[in-house]
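Listed here are the chains, written in short residue letters.
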Amino acid sequence: MHSLYVAWQYLRFHKVKAVVLIAALTLITCLPLAVHILVRASEVQMLARSQATPLILGQKGSALDLVMNTLYFASKPPETITMREADRIDETGFAFAIPLYNRYTARGFPIVGTTLDYVSFRRLEIASGRMLAVLGECVLGAAVADQLGLGPGDTLISTPENPFDLAGVYPLKMQVVGVLKTRHTPDDRAVFVDVRTAWVIEGLGHGHEDVAAARDPQVVLTEQDGKLVASAKIVQYTEITPENIDSFHFHGDTGQFPLTSVIAVPHDDKAATLLMGRYLPETSAFLLIKPLGVVKALLQNIFKIQRVLNIIFAVVSVAMLLTIVLIITLSLRLRQTEIETMYKLGCSRLKMAELVAAELGVIVVVSLMLTAGLTGLALHWQTALMQQFLS
Amino acid sequence: MSLRRSGMLAWLGISLTLMAWTESQARPTVYVVNYPLQYFAERIGAGQVHVVFPAPADEDPAFWKPDVETIAAFQAADLILINGAAYARWLKTASLPKSKMIDTSRRFKVDYIEIQGTGTHSHGPTGEHSHAGTAFTTWLDFRQAAQQAQAVMEGLSRLLPEHKDAFERRYAELEQDLLALDERLGTIVAGQREQPLLASHPVYQYLAKRHGLNLQSVLWEPEVMPDDAQWDGLRSILQAHDAAWMLWEGDPLPASADKLQALGIKSLVFDPCGNTPEQGDFFSVMQQNVTRLLQAFQ
Amino acid sequence: MTDAQLPFIAIERLTFQYPEGDFYLHIPELGIDAGTKAAVIGPSGSGKTTLINLLAGIVSAVSGQIRVHGASLDQLGDAERRRFRIANVGFVFQDFALLDYLTILDNILHPYRINRALNLTPQVREHVVHLADIMGIADKLKRHVHHLSQGEKQRAAICRALATRPPLLLADEPTGNLDPANKSHILQHLFQYVDEAGATLVAVTHDHGLLSGFDRVVDFQAFDRPQRA
């Protein structure tokens, strides 16, 4: 006990040295562990999400972009396909289609345009407020609500793709009607809207005053053969309200409207195979893929990186341990007078070793406790942490 | 009564209540957007499903707008039967789960009739477009109604595969009824297809198309006396379209009927039955419609 | 001479040399009685500190006899000499040799913490507080070394030397780093302890002005330096 007491006094007095040593040791042990935990968590989560997503249909091109956009709402949207493709999948009778249009963002978070089928498919639940009911509404992932400090009753404005694009996308002021429960998936970091609301943001659908009923005569430019030609004076709504919702409409055939991808949920394995048969790479203009394969390939790369990291960690650890040994040796040399004094005061060499060991022991134990604590924290928050890395 | 016996009775009571409760819980809920679909679903589903048609009786379900709670109820349903053909305007802006929705008229989508006559206009860079809608009283062509009923049957069978046979059997009966009615109507009009007819409202497009009727519509409401401009409009139609009968959605005001009568036009009610009828059901209302139409073709 | 008749410190024909280097010490005979306050003087390098180390059993003689408080140090092994030191010797160093990371109290108690042979009892703590009181540093016990003046540091060092109530007090230039006023204070404290406890003091000093207080002066110049054997 005396040795521990003396060691503790020593470390207390030489705080900086002790902290540096503890930090160094903690880092040596923590880093590889943390990387391992994160890689494991990413593996588990990425596999879980890709396993839970049987098939993805998208434009031919980068399968990785398609999967990352569909599963993680990654920022780079793939080439679009049309709503017709989602309908075609439904019409096959092999699967039901969940359309996704993940192109726009709101205050840094992806706006995911989809149907309510996505919500039930991912088993998302409302934590507060309610589910989407009409156009112009949005439901926030838990992390979005948390970070933006928004809840039901607030509004959220979509970010224009290009602020100088006057004719193109108008920012849409969306009504926040609900917040989803935390799922520790990318869904926590998304803003969910009806796919048609996403099209409204795209400028494909809009509302305006009824031209024939417009009070301002300047609105109607000419009337030719029963056709009214309206001037640009008609208000372009940037908010869908109960008053104007009835005037919202889409120009053209919604079947031709864009989607970034379609999640196809086959009714069974046989249906999946049959559906895959309809989208053979040789003959199909589209890409129908199992995301699991793509994600597994991606994970292989992550594992490779982890292996390299592990080697780096091993080398750094050895270097750090050598440095620590050096520090201790140097410090013992600096403490030679102290050691001599203690010897003169009757201290045995064994006791001296015990004192040094106690100092090291305290450092090691504290480091290990820190490592255990940090590892525990990492394990506890791994999914949440993972999300930060994945988005 | 012994304690044991009363205990047993209590147990029986609880069991029966529980059974009734679990049955009502187990029965899938089907939401529909108009009365014909409710009728089809109830006739085919026959107690195996709980059919809900939430539009109030005094509203036209085509233009009715449900509140958020009702939309939530639609979302929570096990199956949502919609009419298609742009019926129920609220569907355009409501968020509903696509996988639960069945567009009952999808199969004859190519036969949709586009309504002309409302203004077209243009604004912005996207060019001219029209707000003219799609005629939506699809079921007034009874063959189409049968196809809608078939879609209902398929939806219910997917929902409750164990009752597929019963659904198919009941559908077959319904189909037979509808086709028989179609045939009867065909026979009635067969001789005088070219006879000019008037419709108080543009809701009989599919009926007219099915049987090649020579039908022109005005935009009148049964419960409103048409104004002078509307009468003038009618007179100008009559110059080229010498009709002797006008089809009404509901009983016209006697004054309207009298004034028409003075012009040599008789009134008859052909109820499209979009909402729940006060008496009878879809089939009986349609039978009455057909019977009434007989007068015009005698 | 029997053991009982021998002086507290008895050295005969003692020789010492370090394994390397030219240093060589020869003490033909030296006896110091118990209760004596002895000053050791001599030029630098004459072996004064070596004598202290020999008396403490830190180093051992090459030849000859050295008996302290009845123990023949020349016949004891390292461990036994260490045990002898713990039991019999109190050390006062010129540079105080206090540990900067311990409080003054912990410094004084340090011998108890680093030697299993010593038992740190409440009585010991009481004794140490009493000693600090006598030395005038009772209010500094919770302080670390760097808060103390030179004089206070040496007083703390003396407290540490006296904490185990040693019969032999060895002081190597105890006043070397002190101003004149502190020098006499420190010596008075040492003398007081020796007088009260009947202990023996052997103090190396350069300061001839202080010699008057000692009972005896051992001058290393008196030892001739025979040729190396």
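Small disclaimer: the values here were computed from a predicted structure and weren't measured.

Here we look at the overall build of chain A
Right, on to step 1. If you tally the helices and strands in chain A, you get 11 helices and 17 strands.
Right, on to step 2. Across the 391 residues in chain A, those meeting the buried criterion constitute 49%.
Right, on to step 3. Contacts in chain A between residues at least 24 apart in sequence constitute 77% of all its contacts with a sequence separation of at least 6.
Right, on to step 4. With the model as given, the accessible surface of chain A reaches about 18800 Å², and the carbon-plus-sulfur share is 63%.

Section: the packing of aromatic side chains
Right, on to step 1. Evaluation of the coordinates by the stated rule reveals 24 aromatic pairs over all chains.
Right, on to step 2. Ring centres of W199 of chain A and F257 of chain A lie 5.0 Å apart, and the angle between their planes is 80°; this geometry places the pair in the edge-to-face category. In this pair, W199 of chain A sits in helix α7 (residues 195-202) while F257 of chain A sits in the loop between β14 (249-250) and β15 (258-259), placing the two residues 58 residues apart along the sequence. For the pair W199 of chain A and F257 of chain A, a shared accessibility class is recorded, and that class is buried.
Right, on to step 3. Taking 6.2 Å as the distance between ring centres and 45° as the angle between the ring planes, the aromatic pair formed by W220 of chain B and W248 of chain B counts as tilted. Placement of W220 of chain B in the loop between β8 (214-217) and α7 (228-240) and of W248 of chain B in strand β9 (residues 245-248) is noted, with a sequence separation of 28 residues between them.
Right, on to step 4. Here a set of aromatic residues connected by ring pairs shows up, and it is made of Y31, W64, F74 and W90 of chain B.
Right, on to step 5. The ring of Y343 of chain A has R349 of chain A lying over it, and the distance from NZ or CZ to the ring centre is 5.1 Å.
Right, on to step 6. In this arrangement the basic side chain of K37 of chain C is found over the ring face of F191 of chain C, its NZ or CZ atom lying 5.7 Å from the centre.

Quick look at the sheet that holds strand β17 (residues 286-289) of chain A
All names here are of chain A.
Right, on to step 1. Sheet architecture is open: 4 strands sit in the order β3-β16-β1-β17, paired in antiparallel fashion. Bordering the open sheet on either side are β3 (95-100) and β17, each of which pairs with just one other strand. Each strand of the sheet is rotated relative to its neighbour by a mean of 25°, with strand direction disregarded.
Right, on to step 2. In this sheet, β17 lies alongside strand β1 (residues 55-59) in antiparallel orientation, the contact comprising 4 bridges. Each bridged residue has a counterpart across the sheet, and for L57 the counterpart in β17 is L288.
Right, on to step 3. Relative to the sheet, helix α4 (residues 83-92) contacts β1, β3, β16 (261-266) and β17, its axis offset from that of β3 by approximately 165°.

Overview of the interface of chain A and chain C
Right, on to step 1. Each partner contributes residues to the interface: chain A has 20 residues there, and chain C has 23 residues.
Right, on to step 2. Of the roughly 2200 Å² buried at the junction of chain A and chain C (both faces included), carbon and sulfur atoms supply 64%.
Right, on to step 3. For chain A, the biggest contributors to the area lost against chain C are F13, K344 and L345 of chain A; these three give 31% of the whole.
Right, on to step 4. Linking chain A with chain C are 1 salt bridge, by the criterion used here.
Right, on to step 5. E354 of chain A is the salt-bridge partner of R116 of chain C, the closest N and O atoms lying 2.9 Å from each other.
Right, on to step 6. On inspection of chain A and its partner chain C, the count reaches 8 residue pairs in polar contact (both at pLDDT 80 or more).
Right, on to step 7. Among the elements of the structure, α1 (2-13), α10 (336-344) and α11 (349-390) of chain A are those that each provide at least two residues to the side of chain A that touches chain C.
Right, on to step 8. When residues in the side of chain A that touches chain C are grouped by element, the largest group, 6 residues, is from α1 of chain A.
Right, on to step 9. Of the residues that constitute the side of chain A that touches chain C, the class distribution is 9 nonpolar, 6 polar and 5 charged.

Here we look at the pairing of strand β7 (residues 196-199) of chain B
Residue and element names in this part refer to chain B.
Right, on to step 1. Going residue by residue along β7, you find P196 and L198 tucked away on one face and L197 and A199 tucked away on the opposite face as well.
Right, on to step 2. In terms of strand pairing, β7 meets β8 through 4 bridges, oriented parallel. For L197, the partnering residue across the bridge sits in β8 and is L215.
Right, on to step 3. For the crossover from β7 across helix α6 (residues 205-211) to β8, the handedness is right-handed.
Right, on to step 4. Two elements, β7 and β9, share 3 bridges in a ladder whose sense is parallel. Each residue of the ladder has a partner; that of L198, found in β9, is M246.

A look at unusual backbone geometry
Residue and element names in this part refer to chain C.
Right, on to step 1. Of note in the backbone geometry, F96 takes a positive phi value of approximately 70° without being a glycine.
Right, on to step 2. Along the chain, F96 falls in the loop between β6 (89-92) and α3 (104-114).
Right, on to step 3. Despite not being glycine, R165 shows a phi value in the positive range, around 50°.
Right, on to step 4. With respect to the secondary-structure elements, R165 resides in the loop between α5 (150-162) and β7 (168-172).

Quick look at the sheet that holds strand β5 (residues 71-72) of chain C
Sheet strands line up and pair through hydrogen bonds in the backbone, either parallel or antiparallel.
Right, on to step 1. Within the open sheet, the 4 strands sit side by side as β2-β1-β4-β5 (chain C). Their pairing is antiparallel. Unpaired on one side and paired on the other, β2 (24-32) and β5 of chain C mark the two borders of the sheet.

Quick look at a negative patch on the surface
Right, on to step 1. Where like charges cluster on the molecular surface, the negative patch consists of D58, E59, D60, E221 and E223 of chain B.
Right, on to step 2. Following the sequence through the fold, E221 of chain B ends up in the loop between β8 and α7.

A word on the nonpolar core
Right, on to step 1. By size, the foremost hydrophobic cluster in this structure holds 127 residues, and its most contacted members are M174 and V191 of chain A together with F40 and W90 of chain B.
Right, on to step 2. In terms of nonpolar packing, the next biggest core, distinct from the first, is built from 59 residues, C347 of chain A together with F8, A97 and I114 of chain C among them.

Here's the deal with a nonpolar patch on the surface
Right, on to step 1. Taken together, L370, L374, L377 and W381 of chain A make up a surface patch of nonpolar side chains, about 380 Å² in accessible area.
Right, on to step 2. When you line up the elements, L374 of chain A lands in helix α11.

Let's talk about the pattern of salt bridges
All names here are of chain C.
Right, on to step 1. With the rule as written, the count across this model stands at 24 salt bridges over all chains.
Right, on to step 2. Across the pair D195 and K37 runs a salt bridge, and its minimum N-O distance is 2.6 Å. Linking D195 in helix α6 (residues 180-197) with K37 in strand β3 (residues 37-41), this pair joins segments that are 158 residues apart in sequence.
Right, on to step 3. Salt-bridge contacts for K183 lead to D207; the nearest nitrogen and oxygen are separated by 3.1 Å. Within this pair, whereas K183 is found in helix α6, its partner D207 is found in the loop between β8 (200-204) and β9 (216-219), the two being separated by 24 residues in sequence.
Right, on to step 4. The class of D207 is partly exposed, set by a relative accessible area of 24%.

Focus on helix α2 (residues 78-88) of chain C
Right, on to step 1. What α2 of chain C keeps buried is the set R81, R82, F84, R85, I86 and N88 of chain C.
Right, on to step 2. Residues of α2 of chain C that are buried sit in contact with α10 of chain A together with α1 (48-56), β4 (63-68), β5, β6 and β7 of chain C.

What to know about the confidence of the model for chain B
Right, on to step 1. The predicted model of chain B averages 83 in pLDDT, with 86% of residues at 70 or higher.
Right, on to step 2. Note on residues 118-131 of chain B: pLDDT is under 50 here. Beyond four places in sequence and across chains, it has 35 contacts.

Regarding the environment of F93 of chain C
Right, on to step 1. Assignment of secondary structure puts F93 of chain C in the loop between β6 and α3.
Right, on to step 2. For the pair F93 of chain C and V204 of chain C, spaced 111 residues apart in sequence, the C-alpha separation works out to 9.9 Å.
Right, on to step 3. Setting aside residues no more than four positions away along its own chain, F93 of chain C makes contact with T341 and K344 of chain A together with Q154, R160 and D172 of chain C.

Topic: the confidence of the model for chain A
Close reading of the predicted structure is inappropriate where its pLDDT is low.
All names here are of chain A.
Right, on to step 1. Scored by pLDDT, chain A has a mean of 82; 87% of the residues are at 70 or more.
Right, on to step 2. Per-element averaging of pLDDT across chain A places strand β13 (residues 227-230) at the bottom with 51 and strand β10 (residues 191-194) at the top with 93.
Right, on to step 3. In this model residues 231-237 is a low-confidence stretch, pLDDT under 50, and it forms 23 contacts with partners more than four residues away in sequence or in other chains.

Conventions adopted
- Residues numbered from 1 in each chain as written.
- Chains lettered and ligands numbered in written order.
- Predicted model: local features only at pLDDT ≥ 70, side-chain atom pairs only at ≥ 80, totals over all residues.
- Heavy atoms only, no water.
- Helix = DSSP H or I, 4+ residues; strand = E, 2+ residues; numbered from the N terminus.
- Buried < 20%, exposed > 50% of the residue type's maximum accessible area, 1.4 Å probe, protein only.
- Contact = heavy atoms within 4.5 Å.
- Areas by Shrake-Rupley, 256 points an atom, 1.4 Å probe, with all protein chains shown as cover.
- Phe/Tyr/Trp six-rings, centres within 6.5 Å; stacked < 30°, edge-to-face > 60°.
- Lys NZ or Arg CZ within 6 Å of the ring centre and 35° of its normal.
- Pairing = 2+ DSSP bridges.
- Axes fitted to C-alpha atoms, helices over the stretch in contact; angles between N-to-C directions.
- Buried area = accessible area lost by both parts, 1.4 Å probe.
- Salt bridge = Lys/Arg side-chain N within 4 Å of Asp/Glu carboxyl O.
- Polar contact = N/O pair within 3.5 Å; in protein donor to acceptor, adjacent residues only side chain to side chain.
- Nonpolar A, V, L, I, M, F, W, Y, C, P; charged D, E, K, R; others polar.
- Right-handed = clockwise from strand over helix to strand, strands pointing away.
- Patch = residues over 30% accessible without salt bridge, like charges linked within 9 Å, V, L, I, M, F, W, Y side chains within 5 Å.
- Lys, Arg positive; Asp, Glu negative; His and termini not counted.
- Charge placed at Lys NZ, Arg CZ, Asp CG, Glu CD.
- Core = buried A, V, L, I, M, F, W, Y, C linked by side-chain atoms within 4.5 Å.
- pLDDT = per-residue confidence, 0-100.

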